[in-house]
Amino acid sequence: MTLIKHELKQGGLSLLIWTLSIAFLMLVCIMLYPEMKSDMDEVSDLFASMGSFTAAFGMDQVSFGTLEGFYAVECGNILGLGGAFFAAFCGTSMLSKEEKEHTAEFLLTHPVSRARIAADKLAALLLQIVILNAVNLVVSMAAVAWIGEGMMGKELLLLHLAYFLLQVELAGICFGISAFLRRGSMGIGLGTAAILYFLNLIANISDQAEFLKYITPFGYAEGTDIVADAGLDGGLVALGMTFGILGIAAAFRQYCRKDIK
């Protein structure tokens, strides 16, 4: 518990900045919707005629004239990308920073096993993701209620659940990567999230590349699909969680046996 508190305190400023930044952008988008609502039908028609660009972002499945469609595309991209970058950034640095910052000598001299250290760091990582998503869910619900638009609670909750699972999967994968790094690299984490995001865009554009949805967590966190189907793809979610668990297992195995300098 001491290590968990230490990790939360150490990453508190980063968590605060990321959470408030994402919440602010989502709040602005939601508040702008009533002003833009009258023009949304024309916007929907415009996007519907943009071919591959329309398919890449799933805008051929929803209407911008509804809050659900607008939220899935605009707010979905903000929380999806922002949350993914945060999870990847934190996950990649969680285990590697002890060697990078030369604090491993102090940490590993305590009567605590490496497995316990890795478990506490993982708990702190997941707790930060929970906090970020809880705050953004509350802000979104409050903003939707404030503008007086009727939005089904089920769809809102499903969207946020998908983005939460996406972040958990990415955190698990990057946590595994972190165990193999000695100096840490923010670029590796952010690059991993960015590549997975663009793989999903490619899968949306080309039927021949649709198999990429089985690789990227953005495949089951496609906001437009969730709104259109009113549900999540259980198979893709299960596969994604398997990838996250494999990353965590690799992290424990490598961290417990590596020669930490």
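On a predicted model such as this, the values are computed, not experimentally measured, just so you know. (Residues numbered from 1 in each chain as written. Predicted model: local features only at pLDDT ≥ 70, side-chain atom pairs only at ≥ 80, totals over all residues. Heavy atoms only, no water.)

Trainee: Got a sec to walk through a nonpolar patch on the surface? Specific residues and values, please.
Mentor: Together, Phe24, Leu25, Val28, Leu32 and Met36 give the surface a local cluster of nonpolar side chains, amounting to about 430 Å² of exposed area. You can see methionine 36 is positioned in helix α2 (residues 12-36). On the basis of relative accessibility, which here comes to 35%, the residue methionine 36 falls in the partly exposed class. (Patch = residues over 30% accessible without salt bridge, like charges linked within 9 Å, V, L, I, M, F, W, Y side chains within 5 Å. Areas by Shrake-Rupley, 256 points an atom, 1.4 Å probe, with all protein chains shown as cover. Salt bridge = Lys/Arg side-chain N within 4 Å of Asp/Glu carboxyl O. Helix = DSSP H or I, 4+ residues; strand = E, 2+ residues; numbered from the N terminus. Buried < 20%, exposed > 50% of the residue type's maximum accessible area, 1.4 Å probe, protein only.)

Trainee: Describe helix α9 (residues 153-180), with residues and values.
Mentor: If you check α9, its first and last C-alpha atoms are 41 Å apart, about what 28 residues at 1.5 Å a residue would give, namely 40 Å. Across the 28 residues that make up α9, a large majority, 20, are buried. (Expected span 1.5 Å × (residues − 1).)

Trainee: Can you lay out the pattern of salt bridges for me, pointing to particular residues and giving the numbers?
Mentor: For the structure on display, the rule yields 3 salt bridges. The closest approach of N and O atoms between glutamate 7 and lysine 121, which form a salt bridge, is 2.6 Å. With glutamate 7 in helix α1 (residues 2-10) and lysine 121 in helix α8 (residues 114-147), this pair connects stretches of sequence that are 114 residues apart. Both residues of the pair, glutamate 7 and lysine 121, belong to the buried class. Note that arginine 116 is salt-bridged to aspartate 120, the shortest N-O span being 3.2 Å.

Trainee: Give a detailed account of the side chain of aspartate 120, specifying residues and quantitative values.
Mentor: Here aspartate 120 shows up in helix α8. Beyond its immediate sequence surroundings of up to four residues, aspartate 120 is in contact with Met1, Leu3 and Ile4. (Contact = heavy atoms within 4.5 Å.)

Trainee: Could you give me a rundown of the packing of aromatic side chains, with the residues and numbers involved?
Mentor: Enumeration according to the criterion identifies 3 aromatic pairs in this entry. Arranged with centres 6.0 Å apart and planes meeting at 55°, the rings of tryptophan 18 and phenylalanine 86 form a pair that is tilted. Residue tryptophan 18 is found in helix α2, and its partner phenylalanine 86 is found in helix α5 (residues 67-94); the two are separated by 68 residues along the sequence. Measuring from ring centre to ring centre gives 5.3 Å for tyrosine 197 and phenylalanine 218, while their planes differ by 80°; the resulting arrangement is edge-to-face. (Phe/Tyr/Trp six-rings, centres within 6.5 Å; stacked < 30°, edge-to-face > 60°.)

Trainee: I'd like a description of the nonpolar core, backed by residues and values.
Mentor: Core analysis: the biggest nonpolar cluster contains 59 residues, and Met26, Ile30, Tyr71, Leu125, Leu166, Phe175 and Tyr220 have the highest contact counts within it. Within the residue set of this core, elements represented by two or more residues are α2, α5, α8, α9, α10 (186-205), α11 (223-229) and α12 (234-257). Of all the elements, α5 adds the most residues to this core, at 13 residues. Other than its neighbours up to four places away in sequence, methionine 26 contacts Tyr71, Cys75, Ile78, Leu79, Asn136, Ser140 and His160. (Core = buried A, V, L, I, M, F, W, Y, C linked by side-chain atoms within 4.5 Å.)

Trainee: Report on the side chain of serine 178, specifying residues and quantitative values.
Mentor: With respect to the helices and strands, the residue serine 178 is situated in helix α9. Residue classification places serine 178 among the buried residues on the basis of a relative accessible area of 0%. A polar atom in the side chain of serine 178 sits 3.0 Å from the backbone oxygen of threonine 92. (Polar contact = N/O pair within 3.5 Å; in protein donor to acceptor, adjacent residues only side chain to side chain.)

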